[in-house]
Amino acid sequence: DVKVTQSSRYLVKRTGEKVFLECVQDMDHENMFWYRQDPGLGLRLIYFSYDVKMKEKGDIPEGYSVSREKKERFSLILESASTNQTSMYLCASSGGDDEKLFFGSGTQLSVL
Amino acid sequence: QKEVEQNSGPLSVPEGAIASLNCTYSDRGSQSFFWYRQYSGKSPELIMFIYSNGDKEDGRFTAQLNKASQYVSLLIRDSQPSDSATYLCAVDTGRRALTFGSGTRLQVQP
């Protein structure tokens, strides 16, 4: 089974801090994704990557950046955390042209 | 116009009934359609996918796709309380990433 692991289940940070969310997958998937999920808004795509060192902006990339130095790891970076970035962050991966997503367990980030 | 639309619910059905969940999408070029189930406090898990017009059945679940009308639906037969969850419709929009609807909350009453 595909395993997508997010480093933290809950995270509390202060406004202005730089925040790193880490995601690792163990199935040699080419594609990795970061979504955020907010009540009533569903999942919104922040960034995705289909290869090492490649990245594509999603629908809401403002205030975020990403890093993919190794195939199995995809990091989401909040350059200067703000309260409106309080959310559930979900990492997902998929293989090649297969669009079926496998999700990590999520990180609930609170920015105070 | 949102790209993928779902009624937020809650949709309440009695145990043993058929639950019908609907989703419409705006991109006529979309080719792949997915249904994810998300229990409260958990991450989404894939339960069905469909690529061609018509019906696709898997156990108690049936996905229906009508590309001309741009809708996809999920039927759950013999609904169980354990089916109570939020169901997310996801559609490919040609950029290798899925676009999700906001989900429909299903409540199955014992």
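Our structure's up above, just so we're on the same page.
Residue numbers restart at each chain and count upward from 1, following the sequence in its written direction. Key to labels: chains lettered from A, ligands numbered from 1, both in the order written. The model is predicted, so local features are restricted to residues of pLDDT at least 70 and side-chain atom pairs to those at 80 or more, both for listing and for counting; the totals for chains, interfaces and linings are taken over all residues. The side-chain quantities take in all heavy atoms of the structure and omit both hydrogens and water.

## Some points on the layout of surface pockets
Here's step 1: Using a 1 Å grid laid over the protein atoms alone, points where a 1.4 Å probe fits but cannot get out form a cavity; open sets with protein on both sides within 12 Å along at least 5 of 7 lines form a pocket; any residue with an atom within 4 Å of a point counts as lining. Grid points are joined across faces, edges and corners, and a volume is the space filled by probe spheres set on the points. One number sums up the size of the largest pocket: a volume of about 600 Å³.
Here's step 2: Around the largest pocket, the lining is made up of 27 residues, and of these Q37 and P39 of chain A together with Q38, S40 and T86 of chain B lie nearest the centre.
Here's step 3: Helix and strand labels come from DSSP, where a helix needs a run of H or I of at least four residues and a strand needs a run of E of at least two; each type is numbered from the N terminus. Residue contributions to the lining of the largest pocket peak at 4 residues, all from strand β11 (residues 104–109) of chain B.
Here's step 4: Gly counts as polar in this scheme, as do all residues outside two lists: the nonpolar Ala, Val, Leu, Ile, Met, Phe, Trp, Tyr, Cys and Pro, and the charged Asp, Glu, Lys and Arg. Counted by class, the lining of the largest pocket contains 8 nonpolar, 15 polar and 4 charged residues.

## Observations regarding the interface of chain A and chain B
Here's step 1: Contacts between chain A and chain B engage 21 residues on the former and 19 residues on the latter.
Here's step 2: Buried area: the sum, over both parts, of the accessible surface (1.4 Å probe) that disappears when the two are put together. Across the interface of chain A and chain B, roughly 1700 Å² is buried in total on both sides, 54% from carbon and sulfur atoms.
Here's step 3: What makes a salt bridge here is a side-chain nitrogen of Lys or Arg within 4 Å of a carboxyl oxygen of Asp or Glu, nothing more. Counting across the chain A and chain B interface gives 0 salt bridges.
Here's step 4: Mapped by element, the contributors of at least two residues to the side of chain A that touches chain B are β5 (31–38) and β6 (42–49) of chain A.
Here's step 5: Its residues placed into classes, the side of chain A that touches chain B shows 10 nonpolar, 7 polar and 4 charged. Only heavy atoms enter the contact rule, under which two residues are in contact if any of them lie within 4.5 Å.

## A word on the sheet that holds strand β7 (residues 61–66) of chain B
Residues and elements named next belong to chain B.
Here's step 1: The criterion for strand pairing is that DSSP finds at least two bridges linking the strands in question. Reading across from one edge, β1-β3-β8-β7-β6 is the order of the 5 strands in this open sheet, with antiparallel pairing throughout. Each having just a single partner strand, β1 (4–5) and β6 (54–58) make up the two edges of the open sheet.
Here's step 2: Alignment of β1 against strand β3 (residues 19–25), held across 2 bridges, turns out to be antiparallel. The residue of β3 that forms the bridge with E5 is T24.

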